[in-house]
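# Observations on the model geometry
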Amino acid sequence: MTDYIPVSGVVACHTCPRRYYFERSEEHPESPRYTVCKQVSTHLGELLEPEQIWQEILCVLPEAAEDVRELFDECIAACSATAWQRPVQVDLAVESDTLGIRGRVDKVFEDGTFAVARSSAAPKAGVYTTDRLRVACYIACLNETLGRPVAGGYVEYVASGVCRYVEPQPRDRREMIKAIRAAKRVVAGELPPRPLRAPCEGCPHLERCTAGPRRLSDLF
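Keep in mind that what you see is a predicted model, and the values were worked out from it rather than measured. (Residues numbered from 1 in each chain as written. Predicted model: local features only at pLDDT ≥ 70, side-chain atom pairs only at ≥ 80, totals over all residues. Heavy atoms only, no water.)

## Looking at the nonpolar core
Judged by nonpolar contacts, the single largest core of 35 residues is most densely connected at Val10, Ile101 and Phe114. Only α1 (7–15), β2 (89–96), β3 (101–108), β4 (114–118), α6 (129–146), β5 (153–157) and α7 (170–187) provide two or more residues apiece to this core. Looking at this core, the element that brings in the most residues is α6, giving nine residues. If we ignore the near neighbours within four places in the chain, the residues touching valine 10 are Ile5, Ile101, Leu133, Cys137, Met176, Ala179 and Ile180. (Core = buried A, V, L, I, M, F, W, Y, C linked by side-chain atoms within 4.5 Å. Buried < 20%, exposed > 50% of the residue type's maximum accessible area, 1.4 Å probe, protein only. Helix = DSSP H or I, 4+ residues; strand = E, 2+ residues; numbered from the N terminus. Contact = heavy atoms within 4.5 Å.)

## Focus on α7
Each turn of an α-helix holds 3.6 residues, which means side chains three or four residues apart point in the same direction. Here α7 is 18 residues long and its end C-alpha atoms lie 26 Å apart, about the 26 Å a rise of 1.5 Å per residue gives. Of the residues making up α7, those classed as buried are Asp172, Met176, Ala179, Ile180, Ala182, Ala183 and Val186. Down the axis, α7 shows its buried residues gathered within 165° of arc, on one side only. For α7, the exposed residues lying more than 90 degrees away from the buried face are Arg174, Lys178 and Arg181. On the buried face of α7, the contacting elements are β1 (5–6), α1, α2 (17–23), β3 and α6. Just downstream of α7, glycine 189 is the residue with a positive phi angle, here 100°. (Expected span 1.5 Å × (residues − 1). Arc of directions from axis to C-beta.)

## Considerations on the UniProt feature "domain: DUF83" (unreviewed entry) in the protein chain
Look at the UniProt record and you will see "domain: DUF83" (unreviewed entry) annotated at residues 128–210. Helix makes up 49% of residues 128–210 and strand 12%, and the two end C-alpha atoms of the span are 28 Å apart. (UniProt positions renumbered as here; feature names shortened; annotations may be inferred.)

Written as structure tokens, this is what we have:
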């Protein structure tokens, strides 16, 4: 199988396959917020040295603005109050031939679990639906890449200093399969129908997405 779907594409198709269609061939620069959270995450589980980490961020993001430093300070303060596991491997490339997806796991721990780093603030409880889907995808990939069963994974909400464990349920895996199928259709060149409850607010593609009459088949 050659056309692997990135895990990010599966999550994007879960949110809105039509937007994924418009954006799949575009380059997406890394947000400063993600740069900060990702770099802080690489040091969790060890003694945090703020100035050393900040210099690493400046190496990755030389034009960092003042608000980026403010976010960094908030992340350090939040994460210093939490106990973190130290990984045995970081940025592990994984894939599932069965599902045709691939991605890169941020951290793998000695007990066989893993973690993904997120730049969003933590929800009041649990993890976001898209993060449950992301974890489900990585579990499928890890099961095949490592050849051993993985039950769940952690989501690190670095900006909030919160780490939460999640075991995907059957509904999460069904949503994963549905999103993978949608992504494969997009890769094949099919323009997907606009979801009835699409998250259109703030979408940069709204005008061309909604131009012209909708097909009756889009409603079913």
